[in-house]
Amino acid sequence: MRNIEKQIAQGHEIAAARQRLDLSVAEINQLRKRFAEKEATEGKTDAVIDLIGAAYLFGLAVGTRNAQ
């Protein structure tokens, strides 16, 4: 099993070295808007779970494109 804290720390290192890969304010605002919309219709717990999944899939897409 992966250590989440270790992966987060590694992500910080990568973002610091390659700032273009870091989240922009506009991207963070898109995630906040998505969360607010989900929270209003599905409740906070489901909105948090959706946010975690959305952030993972977003990172997966960006990371895969940058690895190619």
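Throughout, a residue's number is its position along its own chain's written sequence, starting from 1. Only residues with pLDDT of 70 or above have their local features reported here, since the model is predicted, and side-chain atom pairs are shown and tallied only from 80 upward, although totals for entire chains, interfaces and linings are computed over all residues. To obtain the side-chain values, all non-hydrogen atoms of the structure were included, while hydrogens and water were left out.

Focus: the pattern of salt bridges
Okay, step 1: Think of a salt bridge as a Lys or Arg side-chain nitrogen and an Asp or Glu carboxyl oxygen that are within 4 Å of each other. The full count for this structure, using the stated rule, is three salt bridges.
Okay, step 2: Between Asp50 and Arg34 there is a salt bridge whose closest N-O contact spans 2.8 Å. One end of the pair, Asp50, is in helix α3 (residues 44-67); the other, Arg34, is in helix α2 (residues 25-42), with 16 residues separating them in the sequence.
Okay, step 3: Working definition: with a 1.4 Å probe on protein chains only, accessible area under 20% of the residue-type maximum means buried, over 50% means exposed, and in between means partly exposed. On the basis of relative accessibility, which here comes to 18%, the residue Asp50 falls in the buried class.
Okay, step 4: Across the salt bridge formed by Glu42 and Lys38, the nearest N and O atoms sit 3.6 Å from each other. Linking Glu42 with Lys38, this pair stays in helix α2, spanning four residues, or about one helical turn.
Okay, step 5: Residue class for Glu42 comes out partly exposed when judged on its relative accessible area of 40%. Segments assigned H or I by DSSP are reported as helices when at least four residues long, segments assigned E as strands when at least two residues long, and all are numbered from the N terminus.

Points about α3
Okay, step 1: Expected span of a helix: the number of residues minus one, times 1.5 Å. The terminal C-alpha atoms of α3 lie 34 Å apart, and with 24 residues this matches the ideal 34 Å at 1.5 Å per residue to within 8%.
Okay, step 2: Of the residues making up α3, those classed as buried are Ala47, Asp50, Ala54 and Val62.
Okay, step 3: Note on contacts: a residue pair qualifies if any of its non-hydrogen atoms lie within 4.5 Å across the two residues. For α3, the elements touching its buried residues are α2.

Comments concerning the environment of Gln68
Okay, step 1: By the element assignment, Gln68 lies in the segment after α3.
Okay, step 2: Sequence separation of Gln68 and Ala26 is 42 residues, and the distance between their C-alpha atoms is 25 Å.

Concerning the confidence of the model for the chain
Okay, step 1: For every residue, the predictor assigns a confidence score, pLDDT, that lies between 0 and 100. Considering every residue of the chain, the mean pLDDT works out to 93; 100% of them sit at 70 or more.
Okay, step 2: Within the chain, helix α1 (residues 4-17) has the poorest average pLDDT of any element, 93, and α2 the best, 97.

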